[in-house]
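Structure assessment
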Amino acid sequence: MPPRPADAPPHDPVSALTYSDYLKLDILLATQEPRMSADERRPATLSEHFFIVAHQACELWLKQAIGDIGAATRALRPRDGESDAELAAELLERVCEVLNVLLGQLVVLERLPVRHFAEFRHSLGTASGAESEQFEELGRLLGDGDGSEVLFHAFKAAIERRGLSLTDVCRLGPGAGVHHRIAESLMSIADRYWRWKITHLSIISKLIGDLPGTGGTSGLAYLAGRVVQPFAELRRERSHLHADLAPSRAG
């Protein structure tokens, strides 16, 4: 290698970075490996590729949602005597949009022809979406209806430190400031999570009917039993407003 000229600018690894390098596209685009051979029933192979891409994209967005929820939860907890509710609100508003994208990634699977799925489904073996560790983690953070809502508990503790109750936040609405925004985001997150599960149930019903799941589950019955809405306590408090604030008919 010839010597570097004395007046040559120093090597800058940042300025030399390319789009492909930054996103590691050589690795990313090589991770779709349909089990069907590329020369066997090409349309079905493309559909399997489509199936893989949709699920990989879901896992990437799940990683983002989990990271943002974790950061929002930490922001709601006091650190050096203070919490950062504004940061939590900002992050949770982003989670709402990420879950919208996740729902879209699922809806696109409606374009998977059932005849193609039938051709490659046996190649999945026992692999099943029920094994998604990240979706399980998302459910753990949101509570998944079992009362262990990590995020929601952090929110309740944050409003209590401000001398407010959940009832206060619901009744005050925008008057509760950032805590109202967070409560609204929590409801939106719960709704999108629930819609994801309903949509998943609908798509599986179309694709496999009453067949058992690839992971050995009962299929539709198993999925239907897991369709729950997080943050039940917040939903109940909001529903009480109909009785508390409705105009009286007396007189």
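Computed from a prediction, not measured in an experiment: that's the story for all the values here.

Each helix and strand counted, the protein chain has 11 helices and zero strands in total. Counted from the first residue to the last, the protein chain has its helices and strands arranged as α-α-α-α-α-α-α-α-α-α-α. By the burial criterion, 36% of the 251 residues in the protein chain qualify as buried. For the protein chain, the share of sequence-separated contacts (at least 6 apart) that also reach a separation of at least 24 residues comes to 72%. A total of about 15000 Å² of accessible surface is found on the protein chain, and carbon and sulfur atoms cover 56% of it.

The next point concerns empty space enclosed by the protein. Empty space among the atoms becomes visible once a probe the size of a water molecule is rolled across them. For the coordinates displayed, the defined rule picks out one cavity of 30 Å³ or more. In this structure, the largest cavity occupies an estimated 40 Å³ of space. Taken together, L99, L102, F135, L138, R192, Y193 and W196 form the lining of the largest cavity. Among the secondary structure elements, those contributing two or more residues to the lining of the largest cavity are α4 (85–107), α6 (133–142) and α9 (178–208). Per-element tally for the lining of the largest cavity: the top contributor is α9, with three residues. Tallied by class, residues from the lining of the largest cavity come to six nonpolar, no polar and one charged.

Our next topic: the environment of A118. On the secondary structure map, A118 appears in helix α5 (residues 114–120). Here the alpha-carbon distance between A118 and I208, two residues 90 residues apart in the chain, equals 8.4 Å.

The next point concerns α6. Buried within α6 we find F135, L138, G139, L141 and L142. Mapping the buried residues of α6 onto a view down its axis gives an arc of 160°, with all of them on the same face. Contacts made by the buried residues of α6 are with α3 (42–76), α4, α7 (150–161) and α9. Just past α6, the residue G143 takes up positive phi, approximately 105°.

This next bit is on the nonpolar core. Core analysis: the biggest nonpolar cluster contains 59 residues, and L138, F155, I182, L186 and L234 have the highest contact counts within it. Looking at this core, the elements with two or more residues in it are α3, α4, α5, α6, α7, α8 (166–172), α9 and α11 (232–245). With 13 residues, α9 is the single largest residue contributor to this core. Those residues within four positions of L186 in sequence are excluded, and the remaining contacts are L92, L151, F152, F155, F231 and L234.

A few words now on the packing of aromatic side chains. Scanning the model with the defined rule gives seven aromatic pairs in all. Here F51 and F117 contribute two aromatic rings whose centre-to-centre distance is 5.5 Å and whose plane-to-plane angle is 40°, an arrangement assigned as tilted. With a gap of 66 residues between them, F51 in helix α3 and F117 in helix α5 connect regions that are remote in the sequence. As far as the burial class goes, F51 and F117 line up, both buried. Arranged with centres 6.5 Å apart and planes meeting at 40°, the rings of F152 and F155 form a pair that is tilted. Taken together, the residues span about one helical turn, with F152 and F155 both in helix α7 at a distance of three residues.

Time to look at the pattern of salt bridges. Summed over all chains, the structure comprises eight salt bridges. We note a salt bridge from D68 to R94, for which the minimum N-O separation is 2.8 Å. Highlighted residues: D68 in helix α3 and R94 in helix α4, separated in sequence by 26 residues. Looking at D68, the relative accessible area reads 4%, which means it is buried. Between K156 and E233 there is a salt bridge, and its shortest N-O distance comes to 2.9 Å.

About the cut-offs
- Residues numbered from 1 in each chain as written.
- Predicted model: local features only at pLDDT ≥ 70, side-chain atom pairs only at ≥ 80, totals over all residues.
- Heavy atoms only, no water.
- Helix = DSSP H or I, 4+ residues; strand = E, 2+ residues; numbered from the N terminus.
- Buried < 20%, exposed > 50% of the residue type's maximum accessible area, 1.4 Å probe, protein only.
- Contact = heavy atoms within 4.5 Å.
- Areas by Shrake-Rupley, 256 points an atom, 1.4 Å probe, with all protein chains shown as cover.
- 1 Å grid on protein atoms, 1.4 Å probe; cavity = no way out; pocket = protein on both sides within 12 Å on 5 of 7 lines; lining within 4 Å.
- Points joined across faces, edges and corners; volume = space filled by probe spheres on them.
- Nonpolar A, V, L, I, M, F, W, Y, C, P; charged D, E, K, R; others polar.
- Arc of directions from axis to C-beta.
- Core = buried A, V, L, I, M, F, W, Y, C linked by side-chain atoms within 4.5 Å.
- Phe/Tyr/Trp six-rings, centres within 6.5 Å; stacked < 30°, edge-to-face > 60°.
- Salt bridge = Lys/Arg side-chain N within 4 Å of Asp/Glu carboxyl O.

These results come straight from atomic positions and should not be treated as a statement about function.
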